[in-house]
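Survey of secondary and tertiary structure
Here is how the chains run, residue by residue.
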Amino acid sequence: MYCKNCGNQIAEKAVYCVHCGAATDAPSPFNRQSAVQASKSNGFAIAGFVLALVGILIGWATYSVTCVLGLVFSCIGLSKSKSIGKGKGLSIAGIVISAVTIALIIIFALCYVFIFILSLQNGAAPDYRNPY
């Protein structure tokens, strides 16, 4: 095979001429269309689902911060799933788990406050001055 630019002889599988550097018509083994492209994933959906699971396990200890973060990331993941096409199920699961966990934490907190107020009204408040 000969270079179309300089006319020198080059190898049959050469992509570029070794003499002048011009590109040849030979197919490149590093062609952009044949290269494996990284698949797009919905990181927000994954993060939201994981945070929702962590929130349901230790949400009471972190004052439901992980649940709220899981809810936010899952909502963002759901909106991105329309353009990416992936992560809709994880996003919905993260939203449901986070919302249920937040609701349970609020219900338990209100019950605790209600019981504490009732104990104060009945005179059964703990005396913290004398531990015995």
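Here goes a summary of the coordinates provided. (Residues numbered from 1 in each chain as written. Predicted model: local features only at pLDDT ≥ 70, side-chain atom pairs only at ≥ 80, totals over all residues. Heavy atoms only, no water.)

This model, assessed by the stated rule, comprises one aromatic pair. When the ring of Phe 44 is compared with that of Phe 73, the centres are 5.7 Å apart and the planes differ by 25°; the resulting orientation is stacked. Of this pair, Phe 44 sits in helix α1 (residues 43–58) while Phe 73 is found in helix α2 (residues 65–84), placing the two residues 29 residues apart along the sequence. Taking the relative accessible area as the measure of exposure, Phe 44 reaches 30% and is therefore partly exposed. (Phe/Tyr/Trp six-rings, centres within 6.5 Å; stacked < 30°, edge-to-face > 60°. Helix = DSSP H or I, 4+ residues; strand = E, 2+ residues; numbered from the N terminus. Buried < 20%, exposed > 50% of the residue type's maximum accessible area, 1.4 Å probe, protein only.)

Between its first and last C-alpha atoms α2 spans 27 Å; for 20 residues at 1.5 Å apiece the expected length is 28 Å, and the two agree. Among all positions in α2, only Thr 66, Cys 67, Gly 70, Ser 74, Gly 77 and Ser 81 are buried. Looking at the buried residues of α2, the elements they touch are α1 and α3 (88–121). Looking at the residues trailing α2, positive phi occurs at Gly 85, about 90°. (Expected span 1.5 Å × (residues − 1). Contact = heavy atoms within 4.5 Å.)

Let us look at the packing of α1 against α3. At their nearest, the axes of α1 and α3 sit 8 Å apart, and the two run at 30° to each other. Between α1 and α3, the interaxial angle falls into the category roughly parallel. Our pair here, α1 against α3, has a crossing hand that is left-handed. Across the interface between the two elements, Ala 45, Ile 46, Gly 48, Phe 49, Ala 52, Leu 53, Gly 55 and Ile 56 of α1 pack against Leu 90, Ser 91, Ala 93, Gly 94, Ile 97, Ser 98 and Thr 101 of α3. Residue composition of the contact of α1 with α3, grouped by class: nine nonpolar, six polar and no charged. (Axes fitted to C-alpha atoms, helices over the stretch in contact; angles between N-to-C directions. Parallel < 35°, antiparallel > 145°, perpendicular 65-115°, else oblique. Left-handed = near helix turned anticlockwise from the far one by under 90°. Nonpolar A, V, L, I, M, F, W, Y, C, P; charged D, E, K, R; others polar.)

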